[in-house]
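# Understanding the architecture of this molecule
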Amino acid sequence: MTFSVVLSILCAVILITAVLSILFRDLMAAVVSYAVFGLVMTVIYFMLDAPDVAIAEASIGAALTVCIFVIAIRMTRRREE
Amino acid sequence: MKLVSLLAMFIIAGFMFTGIGKLHLPGDPAGNSNVFSQRSSEKTDTANISTMDDYYLRNGQMETGSNNIVTSVVFDYRGFDTLGEAAVLFLVVTSISMLLFSIIKGKDLEETVLTDSDGFPAGMTRIVSIGTVLMLPIIMAFGAYLVIHGHLSPGGGFQGGAVMATGTALLVISSFVVRNLQKTYKLFSFFESLGLTVFIVTGFAGMGISFLHNFLANNDGSFLGKVIPLGTNPGFLNSGGILPILSTAVGIEVFCGISIILVLLSRALNARGSQKGGHKC
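First, a word on what this report is: a plain description of the structure on this page. (Residues numbered from 1 in each chain as written. Chains lettered and ligands numbered in written order. Predicted model: local features only at pLDDT ≥ 70, side-chain atom pairs only at ≥ 80, totals over all residues. Heavy atoms only, no water.)

## Some remarks on the packing of aromatic side chains
Considering all chains together, one arrives at 10 aromatic pairs over all chains under this definition. Seen in terms of ring centroids, B:Phe80 and B:Phe211 are 5.9 Å apart; in terms of plane orientation they differ by 85°. Their pairing is edge-to-face. Highlighted residues: B:Phe80 in helix 4 (residues 79–104) and B:Phe211 in the loop between helix 7 (181–205) and helix 8 (243–275), separated in sequence by 131 residues. Assessed through its relative accessible area of 24%, B:Phe211 is described here as partly exposed. Measuring from ring centre to ring centre gives 4.9 Å for B:Phe101 and B:Tyr185, while their planes differ by 85°; the resulting arrangement is edge-to-face. In this pair, B:Phe101 sits in helix 4 while B:Tyr185 sits in helix 7, placing the two residues 84 residues apart along the sequence. Aromatic ring contacts, followed pair by pair, group A:Tyr34, A:Phe37 and A:Phe69 into a single cluster. (Phe/Tyr/Trp six-rings, centres within 6.5 Å; stacked < 30°, edge-to-face > 60°. Helix = DSSP H or I, 4+ residues; strand = E, 2+ residues; numbered from the N terminus. Buried < 20%, exposed > 50% of the residue type's maximum accessible area, 1.4 Å probe, protein only.)

## Observations concerning the interface of chain B and chain A
Contact residues are listed per partner, giving 40 residues for chain B and 34 residues for chain A. Both faces considered, chain B and chain A share a buried interface measuring about 3,100 Å² in area, 78% of it formed by carbon and sulfur atoms. Put simply, chain B and chain A have zero salt bridges between them. Across the chain B-chain A interface, the total number found is five residue pairs in polar contact (both at pLDDT 80 or more). Breaking the side of chain B that touches chain A down by element, the ones donating at least two residues are helix 1 (2–20), helix 6 (157–173) and helix 8 of chain B. Partitioning the side of chain B that touches chain A into residue classes produces 28 nonpolar, nine polar and three charged. (Contact = heavy atoms within 4.5 Å. Buried area = accessible area lost by both parts, 1.4 Å probe. Salt bridge = Lys/Arg side-chain N within 4 Å of Asp/Glu carboxyl O. Polar contact = N/O pair within 3.5 Å; in protein donor to acceptor, adjacent residues only side chain to side chain. Nonpolar A, V, L, I, M, F, W, Y, C, P; charged D, E, K, R; others polar.)

## Things to note about the nonpolar core
One recurring pattern in soluble globular proteins is that nonpolar side chains are buried together. Grouped together as the largest cluster of nonpolar side chains are 40 residues, with contacts concentrated most on A:Leu64, A:Ile71, B:Phe199 and B:Leu262. Secondary structure elements with two or more residues in this core: helix 3 (51–75) of chain A together with helix 4, helix 6, helix 7 and helix 8 of chain B. In contact with A:Leu64, other than residues within four places in its own chain, are A:Ser59, B:Ala162, B:Ala165, B:Thr166, B:Ala169, B:Ile258 and B:Leu262. (Core = buried A, V, L, I, M, F, W, Y, C linked by side-chain atoms within 4.5 Å.)

## What about empty space enclosed by the protein?
Residues and elements named next belong to chain B. Taken as a whole and assessed by the stated rule, the structure comprises one cavity of 30 Å³ or more. In this structure, the largest cavity is lined by Leu181, Thr184, Tyr185, Phe188, Ile260, Val263 and Leu264. Of the residues contributing to the lining of the largest cavity, the split by class is six nonpolar, one polar and no charged. (1 Å grid on protein atoms, 1.4 Å probe; cavity = no way out; pocket = protein on both sides within 12 Å on 5 of 7 lines; lining within 4 Å. Points joined across faces, edges and corners; volume = space filled by probe spheres on them.)

This is how it looks when you write it as structure tokens:
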């Protein structure tokens, strides 16, 4: 029972971070929200017994994509019009 | 625009949440329970049993010699797909470096690299620099562990290569600057090409039977061919046939490819920053 409760909470966090990363006008905040999304996704994959996917998501979703986005934002503008 | 994004997000999320109801509980492949309604697995509903993953779970270890069934699927049963993914990454790295070299060209900032008295980058505080230097060997060792033990424990070429590339991302974010860009680029791109070539050559080596045939597995304990018993074991590195070779090749390719992208992006950022008079955020 605790399994499904924790899973439901994590799914709610995923929805919230996804909506926030779309709605933020500050692009750096949107990227940080996306990183939290990847981190929670990692926990969900690990809970569902998929450690392979969890490692891939942790390194690509929460680290590499964020790094590339941060560099891209520094090359362009931080605020969205 | 945001409305379209939100709409697309909610449609995709709807699909995902419908799928959650059909997920099995961990350790219960028969499909009698899902993560939200935990029925007992007394009555077996045969319509829900997938014969394909059942086949992999029963025969994967004996056929490929790999203790990790996911790796045996990724690099053996579906090895051709993995070759396609590696080729796609190679193409992406090629096109990105073509784009970014046009920005960097003629604005190489060898002499404007600022360092403090100990040789650390001047852009960040000493905490960030020393933290990076301390964390980097641990990240690299973990990535190399994931690559080498790909056929024994969770992990494999893609995951290990991505974790090692995270080390490069750490260097880039904490504004360490590559001294000799041309030399570094040549080194990384040589090893990236080497990884893909080793993958294809290993695939053709088993061509007597089929492309990517695992000709080294279970050959009475010589090179990478130890027969491992079913069940729990301490981990035999000398097993898996061609899987460790393919995994290492893909790991090197992913690490070098993503590192090229990150290094070139950071150098392009420096080139544009100096052009516009250096703006920060």
